[in-house]
Amino acid sequence: MRGKLFKFALLLVAIVALAAAGCGGDEEGTGTGTGTGGGTEGGTLVFASSADPVVLDFALISDGESYRPMLQMYETLIKLKPGSTELEPGLAKSWESNEDGTSWTFKLQEGVKFHDGTPFNAEAVCANFDRWYNFTGSFQSDSATYYWKYGFGGGFAKPEEGSPGPEESLYKSCEAPDPATAVINLTRPSATILQGLTLGPLSIQSPTAMEKYGANEGEITEDGTFRSTGTYGTEHPSGTGPFKFESWTREDKLVLVRNDDYWGEKAKLSKLIFRPIADNAARLQALQTGEIDGYDLVEPQDIPTIEADDNLQILDRPAFNVGYVGFNISTPPLDNIEVRKAIAYGLDRQAVVDNFYAGRGEVAKEFMPPELLGYADDVTEYPYDPEKAKQILQDAGLTLPVKIEFWYPSDVTRPYMPDPKRNFEAFQASLEKSGFKVTPKSAPWDPDYLGLNNEGKQPIYLIGWTGDYGDPDNFIGTFFQTDNAQFGLDKSKELDGVQKILDQAEIETDEATRTELYQEANRQIMELLPGVPYAHNKPAVAFKANVTGYVPSPVDNQYFATVSIEK
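Residues numbered from 1 in each chain as written. Predicted model: local features only at pLDDT ≥ 70, side-chain atom pairs only at ≥ 80, totals over all residues. Heavy atoms only, no water.

1. Some details on the overall build of the chain
Assigned secondary structure in the chain consists of 16 helices and 23 strands. Within the span of the chain, comprising 567 residues, buried residues form 61% of the whole. Contacts in the chain between residues far apart in sequence, at least 24 positions, make up 71% of those at least 6 positions apart. Surface exposure of the chain reaches about 20000 Å², of which carbon and sulfur atoms provide 46%. (Helix = DSSP H or I, 4+ residues; strand = E, 2+ residues; numbered from the N terminus. Buried < 20%, exposed > 50% of the residue type's maximum accessible area, 1.4 Å probe, protein only. Contact = heavy atoms within 4.5 Å. Areas by Shrake-Rupley, 256 points an atom, 1.4 Å probe, with all protein chains shown as cover.)

Below is the structure:
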């Protein structure tokens, strides 16, 4: 590390910031805007999501539907410039490291208060870091604190069996020498620490509200998923953001209101409502009738309909994601590399992209998008070849058809997977031409599918990832650097060599060397086949034409504070 030279930058590939594009707002559920003039303040925007948030405690989520509303209520020390992956000040107005990069000093914004009135200061920052580090019991589950474990290096002060401990932790300690200065000490240098701190789940929350309303109360249910049992994450979330919590009725609406005491530029909308509408067609119809003002993850085939309507608009988000068929490589028959190769050759990825992505997708050949440093053009590829797949299985001594259990999520749309069911059905058909007998399995996205996936209970599954920041560590580092139950890496040592390369790449500050390390990691990953990447997709956001000020983001950082209503 080179100390102050890292004050506002890392060795990463940033995505160019996009120009601000249109957005809007309406009265609650009516579609009749309440702005007092073009672009003036006021009004309510109703935005449709594909599912309810899991919980409103940012530290405990790992999905985009929870991410979106919480970004409006909570803030991180460092944030991403809207529309890009460039760093800019958040709750910290500046930062610098010591000479070896193991200690970072953050100068904090002053005069900031949490929504419950608690002052924001260095002690609050340390209280949040110490909370994450000292999580115990069920809070150490992958389905609870995913981003602490995989986004910041993880590690717990008192690890449960199977959880990473202090020796694996990137975090060491937090100090508050004065109210406006927080010092984060690390166990080792990290080339990605600043980008990691932009992750929403590392937002700073009110220590007072968390203690008062049981933020640290939770349990693992019988099906293996985590459930928060306190009321903090359902009734009393408290951040420092431009919107604050008003009410939440599951399967109906989450209502946020403008924080008039916000320390920065105040939101233009007076109210922001998130409504869960699982069905793609129902979301489109709700937009056309004025029941909602916008929605994300527009199904590709609906885009021409929206573009042809003068009352509506489409905004493009840059492609910064990957959809993949994942394998639990510790579960038979996926523990056999020959079976994994046969599946790879048996997936007609080109047909899925051609038929279900409306020209907005491209076939993926590795677990990260081409824009990132470390992308390798020479990885092993697996073009669709049913006869080759069958021959591989027969050469391995297996009797055809080989039975496999394949999971897909219901009632959800993701940026990398606009219609999971149709993707699955197409893959099922191509696999059954390739020597397999597929047993379909499905579950609702929240909480069942994500929970089962995070706990490693799905042998083969459809899922994917939208990058949180512009660094390969956030893609292949997140997936493969540490034990990851969804891939069976908590029980298999097959990717040990890849993990060592990723460990080295995470702390390497020379960009050329880092690039070579990630390229080699990508080559080895596609040889070992813990899954098959199949799509990168350019997602679309739809709004009414009278909505302005929304900035499309390559990541899940969708901010609504800049949105206003045109009369």
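2. Points about the side chain of Asp-57
Structurally, the position occupied by Asp-57 is in the loop between strand 1 (44-49) and helix 1 (64-73). Exposure remark for Asp-57: the relative accessible area of 1% places this residue in the buried category. Look past the residues within four positions of Asp-57 in its chain and what remains in contact with it is Met-70, Tyr-74, Arg-131, Gln-205, Ala-215, Tyr-232 and Gly-233.

3. What about the nonpolar core?
By size, the foremost hydrophobic cluster in this structure holds 149 residues, and its most contacted members are Leu-77, Phe-106, Phe-129, Leu-462, Phe-480 and Phe-560. Ranked by residue count, the leading element in this core is helix 2 (residues 122-133), at seven residues. Setting aside its immediate chain neighbours within four residues, Phe-106 contacts Leu-77, Ile-78, Ala-92, Ser-94, Trp-95, Ala-180, Thr-181, Ala-182, Ile-184 and Leu-197. (Core = buried A, V, L, I, M, F, W, Y, C linked by side-chain atoms within 4.5 Å.)

4. So, empty space enclosed by the protein
Inspection of every chain in the model, using the stated rule, returns three cavities of 30 Å³ or more. By volume, the largest cavity is sized at about 250 Å³. Every residue lining the largest cavity is counted, 21 residues in all, and those nearest its centre are Ser-62, Asp-63, Tyr-416, Gly-464 and Trp-465. Elements represented by at least two residues in the lining of the largest cavity include exactly helix 1, helix 3 (146-151), helix 13 (445-454) and strand 19 (460-466). Considering only residue class, the lining of the largest cavity consists of 10 nonpolar, seven polar and four charged. (1 Å grid on protein atoms, 1.4 Å probe; cavity = no way out; pocket = protein on both sides within 12 Å on 5 of 7 lines; lining within 4 Å. Points joined across faces, edges and corners; volume = space filled by probe spheres on them. Nonpolar A, V, L, I, M, F, W, Y, C, P; charged D, E, K, R; others polar.)

5. Examining the packing of aromatic side chains
Each aromatic ring pair is specified by the distance between its two centres and by the angle formed by the two planes. Within this structure, the stated rule accounts for 36 aromatic pairs. On the basis of an interplanar angle of 70° and a centroid distance of 5.2 Å, the ring pair of Tyr-133 and Tyr-171 is categorised as edge-to-face. Within this pair, whereas Tyr-133 is found in helix 2, its partner Tyr-171 is found in strand 6 (residues 171-178), the two being separated by 38 residues in sequence. With centroids separated by 6.1 Å and ring planes inclined at 45°, the aromatic side chains of Tyr-146 and Trp-465 adopt a geometry described as tilted. One end of the pair, Tyr-146, is in helix 3; the other, Trp-465, is in strand 19, and 319 residues separate them in sequence. Each member of the pair, Tyr-146 as well as Trp-465, is classed as buried. Three or more aromatic residues joined by ring pairs make a cluster, and in this case those are Phe-58, Tyr-67, Tyr-74, Tyr-146, Tyr-147, Tyr-324, Phe-367, Trp-465, Phe-479, Phe-480 and Phe-487. (Phe/Tyr/Trp six-rings, centres within 6.5 Å; stacked < 30°, edge-to-face > 60°.)

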